[in-house]
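# Chain and residue survey
As a plain string of letters, each chain reads:
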Amino acid sequence: MEQMLTMMIVDDRSIDRAILRGIFLSEYNIVEAGDGDEALKLLKSGVHVDIILLDIFMPKMNGFDFLRTIKKEEAFKDIAVVVNTESDDEDNEVEALELGADDFITKPYNQRIVKKRISNVVNKVIFTQVKMSYQTDTLRFVTQRDVLTGLYNRESFYKEAREFISGADSTCVIAVWNVDRFKVVNELFGSRLGDQVLRNIAHELVDLLKDNGICTRTEADSFVFCTTRKYLEEIMPKIDRVLTGQDHRSPIDYTLQLHMGIYEVIDPDMPVYLMCDRADMALQTIKDSYLVRSAYYSEKLKEDILNEQELVIEMEQALNNKQFFVVFQPIVDTKTGLTVSAEALIRWKHPIKGIINPGIFVPLCEKNGFIAVLDLYVCEEVCKFQREQLDKGVRIVPISINISRINFYRTEFSVKIKEMLDRYKLEPTCIKLEITEGAYQDNPKYMAQAIKDFKASSFQILMDDFGSGYSSLNMLKDFNVDILKIDMKFIDDLETSERADNILYSIIQMARALNMGTVAEGVETKAQYELLASMGCDCIQGYYFSKPISKEEFTSRLEFERERNCVPELPDVRRTILIVDDQKIDRKIISHMMQEEYHVLEATNGEEAFELLKNNFNSISLIIADIHMPKMNGLMLLEKKAEYLYLKEIPVIMITSSGERECEEQALERGALEIITKPYDSNLVRKRISNVLKLSETGNMMRQIQRLHEIYQEEQ
Ligand code: C2E
Ligand code: MG
Ligand code: MG
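Residues numbered from 1 in each chain as written. Chains lettered and ligands numbered in written order. Predicted model: local features only at pLDDT ≥ 70, side-chain atom pairs only at ≥ 80, totals over all residues. Heavy atoms only, no water.

### Structural notes on the overall build of the protein chain
Scanning the protein chain from N- to C-terminus turns up 27 helices and 24 strands. Computed over its C-alpha atoms, the radius of gyration of the protein chain comes to 44 Å, more than 25% above the 27 Å expected for a compact globule of 716 residues. Reported as C-alpha extents along the three principal axes, the dimensions of the protein chain are approximately 150 × 65 × 50 Å. Within the protein chain, the proportion of its 716 residues that are buried is 48%. Intrachain contacts of the protein chain at a sequence separation of at least 6 include 64% that bridge at least 24 residues. Entry remark: accessible area of the protein chain is about 36,900 Å², with carbon and sulfur atoms responsible for 51%. Within the protein chain, the 118 negative side-chain charges are centred at a point lying 3 Å from the centre of the 88 positive side-chain charges. (Helix = DSSP H or I, 4+ residues; strand = E, 2+ residues; numbered from the N terminus. Rg over C-alpha atoms; globule rule 2.2 N^0.38 Å. Buried < 20%, exposed > 50% of the residue type's maximum accessible area, 1.4 Å probe, protein only. Contact = heavy atoms within 4.5 Å. Areas by Shrake-Rupley, 256 points an atom, 1.4 Å probe, with all protein chains shown as cover. Lys, Arg positive; Asp, Glu negative; His and termini not counted. Charge placed at Lys NZ, Arg CZ, Asp CG, Glu CD.)

Dropping the structure here:
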């Protein structure tokens, strides 16, 4: 039912009040006052009034004074006032209107005119009231909402979420969405389209939640929602599509991807902002992961984060308390087995937590900037060590230092390193600098410049963890580094994946072609070592030779090698030649010729040769086969070999007897690269074998590089 408005009639004459009351009683709640003073008291006592009919001439407080007073009061100034005057009282009318009256009626009252005038004023009053209440609603909307998306803003979300959680009859969750690299979207497409993208995400979220939850945008590209665990599970397949960018009504040609952190509400009384923080903590742990798109908060996570925070607080003090120390991991030449270099690796000896590895604290130091101090500390420790060795007059080997990408670009950092070398009177060749491949993705231009600058100052640069990122091959042509350190990932895969084998070989060959040295990291077994050595990898670093060791152990190792001039027993890494001939004497002639440089395998016919090939295809560099043999002759062997892709590239030299032109032609047609004839002319045989080996090695290298490019293209 529509509410009746309240009219206050203020007049000292009861007869006039009665007339007006008679006119309006059926339409209004009527309140009466005998003068201004009484009327004011009524208003102040809290009586709600919508319109006042006010007589001018009254004792105590007259109409003008009353009008003046209420127009000054915030609470009453909007009440409509209609003044009653005598018919010929123009001056008073003007004054009343000036004081803020809305209209006037004249005595004696004409019912029709009075009703009409009052109704006009009242309509105005109602309109203003509706407008005001509309404004309050809008105001409420604006203060509760995020202007860009129309979702709840943070504060109202906290309130609404609290109500949702306390009203829910099953477990609730708070989830946070964050758009990956939203900055890029703004940079590429401008903030107007960026805003549209955010609005779309908001709509998507609202559509997903329907009536089963509430959501907000908390920061530029962060959305938070609250729903029940059950409903979240129900819509998870759809959410997955949103997170992986398969489900966007995007206004831009760009695959938007998101990450999600989830907190399951265990304690419903916890403040909602803390719940949001926890969901956010879960999100932070996967923020950089390409494959993992959502994660739950757990107590273990909280513990880890608290641990991390503790470490961050403690690290500066730890340096002063000498809790950081450096270990050295030898880098060994594959040909001599001697230590030719080492990598300095930092450790933290925590008084309670024990030895902490850099994988844990280096990323934290990179976040809080402490890495600038830490890398210089390692550099200084290495300089000190090298100076001590030189002062003792013993052999030193260059030691490589890991430089965080954060320091690598900073000129003041390189200035400090140079000053340090000067201070210890060391040449730049005493140290090497390792920069991780990942740095390329941050900023290729700065990286190229920094490498150039360091090299101009005679530092050797190693590219660490090569192959661990997505950009490796691109990088090689842009960066003129001295040495590639091949990532452990390839070494781990070696024994299980033939592809890893191929890629590794190609990387080594390519590095060679570009005049770069190679170090394979993470070599743990003899088999890995032998394979890498046979592929031509220059150096090895890994547990197979040595774990990271203390300064003292490293010194002893160098001394040991120097004193004994010791070359540790090296596995046989010579390449292999397969000789296939049914005549023992002919096999031996060639075998003697080659055995100094090559490891020689022998087979008496094609079948036997084929078995050997299958088991040793990785190491066999050349097949020398007689054309006439029992069981499987030379031509048949050529044909069979051609059926197998992995054998195809092994070159074949065919042995014929002099004067067998037709046989020679057939052999060359089936893919033999060269012919030697019996009886052997040893000079000619040697030359032909050497030519074929050279030819095939260059050909192999070109093919490998080509293949590597193809693999790379495929992966892009
Ligand atoms: P990295 O530079 O790639 O160092 C090689 C890591 O592999 C070292 O781990 C080493 O101990 C480990 N490793 C060596 N051989 C083997 C093996 O045969 N098998 C296995 N499984 N691992 C092997 P560490 O010392 O834990 O260092 C981890 C990473 O922390 C380093 O990777 C480097 O990126 C960073 N780091 C270490 N010291 C420093 C430093 O002083 N400054 C900076 N900025 N980063 C450092
Ligand atoms: Mg390294
Ligand atoms: Mg590495």
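### Some thoughts on the site of ligand 1
Near ligand 1 there are 23 residues, and of these Glu343, Asp375, Asp464, Met488 and Glu524 occur at the shortest range. Within the contact set of ligand 1, an oxygen atom lies 2.9 Å away from a side-chain nitrogen or oxygen of Arg347. Between ligand 1 and the protein, one listed contact pairs an oxygen atom with a side-chain N or O atom of Asp465 at 3.0 Å. In isolation ligand 1 exposes 800 Å². Once the protein is present, 82% of that is buried. Of all the secondary structure elements, the ones that give two or more residues to the shell around ligand 1 are strand 12 (339–350), helix 11 (358–368), helix 12 (371–392) and strand 16 (460–466). Ranked by the residues each element gives to the shell around ligand 1, the list is headed by strand 12, at four residues. For the shell around ligand 1, the residue count by class is 10 nonpolar, five polar and eight charged. (Near = heavy atom within 4 Å. Polar contact = N/O pair within 3.5 Å; in protein donor to acceptor, adjacent residues only side chain to side chain. Nonpolar A, V, L, I, M, F, W, Y, C, P; charged D, E, K, R; others polar.)

### Focus: the packing of aromatic side chains
Any aromatic ring pair is given by two values, namely how distant the centres are and how the planes are angled relative to each other. Within the structure shown, the criterion is met by 18 aromatic pairs. Between Tyr263 and Tyr297, the aromatic rings sit 5.5 Å apart at their centres with planes inclined by 70 degrees, giving edge-to-face as the arrangement. One end of the pair, Tyr263, is in strand 9 (residues 258–264); the other, Tyr297, is in the loop between strand 10 (294–296) and helix 10 (299–320), with 34 residues separating them in the sequence. Relative to Phe554, the ring of Phe385 lies with its centre 6.1 Å away and its plane at 45 degrees, an arrangement referred to as tilted. Separated by 169 residues along the polypeptide, Phe385 in helix 12 and Phe554 in helix 21 (residues 551–564) bring together distant segments of the chain. Since its relative accessible area comes to 0%, Phe554 is described here as buried. Joined through ring pairs, the aromatic side chains of Phe157, Tyr158 and Tyr273 make up one cluster. Just above the ring of Phe104 sits the side chain of Arg117; from NZ or CZ to the centre is 5.0 Å. (Phe/Tyr/Trp six-rings, centres within 6.5 Å; stacked < 30°, edge-to-face > 60°. Lys NZ or Arg CZ within 6 Å of the ring centre and 35° of its normal.)

### Quick word on the sheet that holds strand 3 (residues 51–55)
Taken in spatial order, the five strands of this open sheet run 2-1-3-4-5, and their pairing is parallel. Unpaired on one side and paired on the other, strand 2 (29–33) and strand 5 (103–107) mark the two borders of the sheet. Each strand of the sheet is rotated relative to its neighbour by a mean of 20 degrees, with strand direction disregarded. Sheet strands in contact with helix 1 (residues 14–24) are strand 1 (6–10), strand 2, strand 3, strand 4 (80–86) and strand 5, and its direction is about 170 degrees off that of strand 2. (Pairing = 2+ DSSP bridges. Axes fitted to C-alpha atoms, helices over the stretch in contact; angles between N-to-C directions.)

### Brief notes about the environment of Arg564
Tracing the backbone through its elements, the reader meets Arg564 in helix 21. By relative accessible area, which is 55% here, Arg564 ends up exposed. Taking the C-alpha atoms as reference points, Arg564 and Ser250, 314 residues apart in sequence, are found 70 Å from one another.

### Here's the deal with the coordination of the magnesium ion (ligand 3)
Around the magnesium ion (ligand 3), the donor atoms from the protein are Asp464 (OD), Asp465 (OD), Glu521 (OE) and Glu521 (OE), and they sit 2.1 to 2.4 Å away. Spacing between the donor residues of the magnesium ion (ligand 3) along their common chain follows D-D-x55-E. Separating the magnesium ion (ligand 3) from the magnesium ion (ligand 2) is a distance of 4.0 Å, and Asp464 supplies a donor atom to each of them. Of this pair, Asp464 sits in strand 16 while Glu521 sits in strand 18 (residues 517–521), and the two are 57 residues apart along the sequence. This pair shows no difference in class: Asp464 is buried, exactly as Glu521 is. (Donors = N, O, S within 2.8 Å, 3.2 Å for Na, K, Ca; no water.)

### A few points about the environment of Ala642
Within the element layout of this structure, Ala642 appears in helix 24 (residues 634–642). A relative accessible area of 47% means that Ala642 is categorised as partly exposed. The sequence separation of Ala642 and Arg670 amounts to 28 residues, and the corresponding C-alpha distance is 8.6 Å.

### Details of the coordination of the magnesium ion (ligand 2)
Coordination of the magnesium ion (ligand 2) by the protein comes from Glu343 (OE), Asn402 (OD1), Glu434 (OE) and Asp464 (OD), over a distance range of 2.0 to 2.2 Å. Counting gaps between the donor residues of the magnesium ion (ligand 2) yields the pattern E-x58-N-x31-E-x29-D. Its relative accessible area of 25% is what places Asn402 among the partly exposed residues. Exposure remark for Asp464: the relative accessible area of 6% places this residue in the buried category.

### Regarding the nonpolar core
With 81 residues, the main nonpolar core has Phe324 and Ile417 as its most contacted residues. Contact partners of Ile417, with chain neighbours within four places excluded, come to Leu376, Cys379, Ile403, Ile431, Leu433 and Phe459. One finds Val173, Phe225, Leu256 and Leu258 within the second-largest nonpolar core, a separate group that totals 30 residues. (Core = buried A, V, L, I, M, F, W, Y, C linked by side-chain atoms within 4.5 Å.)

### Some remarks on the packing of helix 12 against helix 14 (residues 411–423)
Two elements in contact, helix 12 and helix 14, have axes separated by 10 Å at closest approach and are oriented at 20 degrees. Viewed along their axes, helix 12 and helix 14 adopt a mutual orientation that is roughly parallel. Helix 12 and helix 14 meet at a crossing whose hand is right-handed. Contacts from Ala372, Asp375, Leu376, Cys379, Glu380 and Cys383 of helix 12 reach helix 14 at Phe413, Lys416, Ile417, Met420, Leu421 and Arg423. (Parallel < 35°, antiparallel > 145°, perpendicular 65-115°, else oblique. Left-handed = near helix turned anticlockwise from the far one by under 90°.)

### Let's talk about the domain arrangement of the protein chain
Taken domain by domain, the protein chain comprises domain 1 (5–142), domain 2 (154–297), domain 3 (323–563) and domain 4 (576–707). The distance between the C-alpha centroids of domain 3 and domain 4 comes to 41 Å. (Domains from an automatic or database assignment.)

### Notes on helix 26 (residues 661–669)
Inspection of helix 26 places Cys663, Glu664 and Ala667 among the buried residues, and these make up the whole buried set. One side of helix 26 holds all its buried residues, which, seen down the axis, span an arc of 100 degrees. Structural note: helix 26 exposes Arg661, Glu662 and Glu669 on the side pointing more than 90 degrees away from its buried face. Looking at the buried side of helix 26, the elements it contacts are helix 24, strand 23 (652–657) and strand 24 (674–678). Just past helix 26, the residue Gly671 takes up positive phi, approximately 110 degrees. (Arc of directions from axis to C-beta.)

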